[in-house]
Amino acid sequence: MLTRTSLFLIAAVMVLSATAEEQRIQVDLPPMMQEHMMGNMRDHLVTLQMITQLLASQQYDQAADAAEQRLGMSSLELHGASHLGKFMPEAMNAIGTKMHHAASRFAITARNAAVDGGLEMAFGALSEVMQQCVACHAGYKVHK
Ligand code: HEC
C-alpha cells in the first residue's frame, strides 16, 4: 500500500526531476542507429503495456513469453543489441544488459506465479525491469 508519505516522496521526486538542470550524458549515435534504438524503445513500452494487461487477466505464460521474447535475453538479436551496444558508454550498456536479465527473471517468476498464485512476486519482478528503464533514462539522452 502506498502511504501518504510515500506518495508525497514520489510527487517530490517528480517535481525535482522536471525542474532539475539537465544532467543526462549526451550519447551521439549515427542517425540510423538512433532511429533503430528509438524503435526498440517504443517496442519496450508496448511490451510493458502488454505484460501488465496480461498479468491483470492472469495470463501468466503469455506475459512471460512477451517479456522473454521482446525484452529478455532472447530479444537481443531482435533489437540488434550487440551492434547498438558498441555505440553506448560502458555503464549505459551495462544498464541495458541488466534490463534484459531482469526481463528474463521476470519471465521465470511469472511462470511460477501461474502455479502458486504469486501475482505480487510477478509485479515485484516487473518493477525490477522498469527500474532499469528509469535508471537509463535518468542518466543518458540521445536527442540534443
Ligand atoms: C540502456 C539505456 C536505456 C534503457 C535500458 C531503456 N531506455 Fe528508453 N530511452 C533511452 C534513451 C537514451 C532515450 C532517448 C532519450 C532522450 O534523448 O531524451 C530513450 C527513449 C525512450 C522512449 C521514447 C522513444 C521515442 O520514440 O522517442 C521510450 C518510449 C522509451 N525509451 C521506453 C523505454 C522503456 C519502456 C524501457 C524499459 C523497458 C526503456 N526505454 C529502457 C535509453 C534507454
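An unreviewed UniProt entry lists the protein chain under the name Cytochrome c, from Sedimenticola thiotaurini.

Participant: Where do I start with the nonpolar core in this structure?
Facilitator: With 21 residues, the main nonpolar core has Ala63, Ala67, Ala103, Phe106, Ala110 and Val129 as its most contacted residues. Only helix 2 (31-56), helix 3 (60-70), helix 5 (90-116) and helix 6 (119-139) provide two or more residues apiece to this core. Per-element accounting of this core gives the leading share, 8 residues, to helix 5. The residues touching Ala63, leaving out its near neighbours within four places in the chain, are Ile51, Leu54, Leu55 and Ala110.

Participant: Looking at this model, I keep getting lost on the packing of helix 2 against helix 3. Mind explaining?
Facilitator: Packed helices, taken two at a time, are described by the angle their axes make and the gap between the axes. Between helix 2 and helix 3, the least distance of the axes is 8 Å, while the angle of their chain directions is 165°. As summarised for this structure, helix 2 and helix 3 are arranged roughly antiparallel, according to the angle between their axes. Handedness of the helix 2/helix 3 crossing: left-handed. Contacts from Asp43, Thr47, Met50, Ile51, Leu54 and Leu55 of helix 2 reach helix 3 at Gln62, Ala63, Ala66, Ala67 and Arg70. Across the contact of helix 2 with helix 3, the residue classes tally to 7 nonpolar, 2 polar and 2 charged.

What counts, and at which threshold
- Residues numbered from 1 in each chain as written.
- Predicted model: local features only at pLDDT ≥ 70, side-chain atom pairs only at ≥ 80, totals over all residues.
- Core = buried A, V, L, I, M, F, W, Y, C linked by C-beta atoms within 7 Å.
- Buried ≥ 20, exposed ≤ 12 C-beta atoms within 10 Å, placed from the backbone.
- Helix = DSSP H or I, 4+ residues; strand = E, 2+ residues; numbered from the N terminus.
- Contact = placed C-beta atoms within 7 Å.
- Axes fitted to C-alpha atoms, helices over the stretch in contact; angles between N-to-C directions.
- Parallel < 35°, antiparallel > 145°, perpendicular 65-115°, else oblique.
- Left-handed = near helix turned anticlockwise from the far one by under 90°.
- Nonpolar A, V, L, I, M, F, W, Y, C, P; charged D, E, K, R; others polar.

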